[in-house]
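What follows is each chain in one-letter form.
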Amino acid sequence: MSDSSNSLRTVSIIGTGVYLPEKVVTNEDLSKIVDTSDEWIYTRTGMRERRLAREDQATSDLASAAAEAALADAGMTAEEVDLLIVATLSPDMFFPSTACFVQEKIGAKNAYCYDLGAACSGSLYALETAKNQIACGAVNTALVIGAEKMSTFIDWEDRSTCVLFGDGAGAVVLKASDSGRGIMKGCFGSDGSLANLLWTPGGGSRSPMSHEMLDRKEQYLKMQGREVYKHAVKQMTQSVLDVLELNGVSSDDIKCFVAHQANARIIEAIGKRLNVMDRMFMNVEKYANTSAAALLIAINEAVKSGIVQKGDNMLLVAFGGGFTWGSSIVEWSK
């Protein structure tokens, strides 16, 4: 059988955008509602503050604002988008997809749309999915969005989880390219046997909405932090090594490593294991963990700040509930 990979198109990111809610909640603010302190939170997570969306904002509102920013950055209109994917674990509702609401809000009438659920790894999974659709010629342009309103299903009486998350959205525009390597081959994995270490157990078909389910607070995110930390460091470190080997790229060739912004201690552990701490990007101090939005927000900041420039290689790695994890290398083309 012939190798069809030679006929695949190179795919590049040609625009980035973010939306971050105006409301800033500091560690000191949280200390007024739960038994915690700035010192307790910062030493364990590296977080100082996070953003919270307004009550009248849904995830699609955050996603739409980030999408419009990314399209403007790419110099494109919404009508030019062929595929629209929203990665989220906090959708507007069970159905229709949040992506369909975004389509209507921004006027992407020619796109087909769907949501992708891989928790905090979601935007990286969506990036890979959209890249493959463009590479094989199925579509020409894709809009990938990671958006979360985490504040809607966090137990604000649980200090072990409520301090960790924030709201926000990031977006990227993808298009076929004539030069460079663009988005290279990715490495992905999952382990469903560990799902109960990080999940929201109630509200679905397993444990439907009921007074009893709400009394048990199963509608809120549950996490066994120490176990999640251990697996996140292990899987993301290995995934970085795997994607470097797969693409024949040395760690010395990477200008910037962008890991999922879940916790500064996790990022530092990965950086030290790989001996690349001086090139690990972090903004978790400002935004906390924005789940599927975090990676795309970080990409935007790394590029807009000038850390990553045209021709530089950026390595992306993520880990989330499921468990899910993955990595990808992007040669920046803009």
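To be clear, the structure that these remarks concern was listed above.
Described below are features of the structure shown in this document. (Residues numbered from 1 in each chain as written. Predicted model: local features only at pLDDT ≥ 70, side-chain atom pairs only at ≥ 80, totals over all residues. Heavy atoms only, no water.)

Observations regarding the pairing of strand β8 (residues 187–190)
Turning to step 1, where the next piece is worked out: The two faces of β8 differ: C187 and G189 on one face are buried, but F188 and S190 on the other face are not.
Turning to step 2, where the next piece is worked out: In terms of strand pairing, β8 meets strand β14 (residues 324–331) through 4 bridges, oriented antiparallel. Bridge pairing in β14 places S190 opposite T324. (Buried < 20%, exposed > 50% of the residue type's maximum accessible area, 1.4 Å probe, protein only. Helix = DSSP H or I, 4+ residues; strand = E, 2+ residues; numbered from the N terminus. Pairing = 2+ DSSP bridges.)

Describing the nonpolar core
Turning to step 1, where the next piece is worked out: Residues L315, F323 and I329 are the most contacted members of the largest nonpolar core, which totals 47 residues.
Turning to step 2, where the next piece is worked out: Taken together, the elements giving at least two residues each to this core come down to α8 (225–247), β11 (256–259), α9 (264–274), β13 (313–320) and β14.
Turning to step 3, where the next piece is worked out: A total of 7 residues in this core trace back to one element, the largest contributor, which is α8.
Turning to step 4, where the next piece is worked out: Residue contributions to this core reach at least three from each of two domains, namely domain 1 (11–176) and domain 2 (183–332).
Turning to step 5, where the next piece is worked out: The residues contacting F323, other than those within four sequence positions of it, are G189, S190, D191, G192, L194, L197, L198, V228 and H231. (Core = buried A, V, L, I, M, F, W, Y, C linked by side-chain atoms within 4.5 Å. Domains from an automatic or database assignment. Contact = heavy atoms within 4.5 Å.)

Observations regarding the packing of aromatic side chains
Turning to step 1, where the next piece is worked out: Throughout the structure, instances matching the rule amount to 4 aromatic pairs.
Turning to step 2, where the next piece is worked out: Ring plane angle 50° and centroid distance 4.7 Å describe the contact between F319 and F323, whose orientation is recorded as tilted. Residues F319 and F323 agree in their burial class; the two are buried.
Turning to step 3, where the next piece is worked out: What links up through ring pairs into an aromatic cluster is the set F319, F323 and W325.
Turning to step 4, where the next piece is worked out: Against the face of Y42 rests R48, its NZ or CZ located 3.6 Å from the ring centre.
Turning to step 5, where the next piece is worked out: The positively charged end of R159 is found above the aromatic ring belonging to W40, 4.4 Å away from the centroid. (Phe/Tyr/Trp six-rings, centres within 6.5 Å; stacked < 30°, edge-to-face > 60°. Lys NZ or Arg CZ within 6 Å of the ring centre and 35° of its normal.)

Here's the deal with the pattern of salt bridges
Turning to step 1, where the next piece is worked out: Inspection of the entire model under this criterion finds 16 salt bridges.
Turning to step 2, where the next piece is worked out: For the salt bridge of R279 with D278, the shortest nitrogen-to-oxygen distance reads 3.9 Å.
Turning to step 3, where the next piece is worked out: Across the pair E301 and K286 runs a salt bridge whose closest N-O atoms are separated by 3.2 Å. Here the residue E301 occupies a position in helix α11 (residues 294–304), and K286 occupies one in helix α10 (residues 284–287), the gap between them amounting to 15 residues.
Turning to step 4, where the next piece is worked out: We classify E301 as buried; its relative accessible area is 17%.
Turning to step 5, where the next piece is worked out: Taken together, the salt bridges that share partners define one network made up of D38, R48 and E285. (Salt bridge = Lys/Arg side-chain N within 4 Å of Asp/Glu carboxyl O.)

Considering unusual backbone geometry
Turning to step 1, where the next piece is worked out: Following F95, the chain continues to P96 via a peptide bond in cis, the omega torsion being 0°.
Turning to step 2, where the next piece is worked out: Here the residue pair G322 and F323 is connected by a cis peptide bond, since its omega of -15° sits within 30 degrees of zero.
Turning to step 3, where the next piece is worked out: Tracing the backbone through its elements, the reader meets F323 in the loop between β13 and β14.
Turning to step 4, where the next piece is worked out: Backbone geometry places A288, a non-glycine residue, at a positive phi of 60°.
Turning to step 5, where the next piece is worked out: Position of A288 among the secondary structure elements: in the loop between α10 and α11.
Turning to step 6, where the next piece is worked out: Phi at S291 takes a positive value of approximately 50°, unusual for a residue other than glycine.

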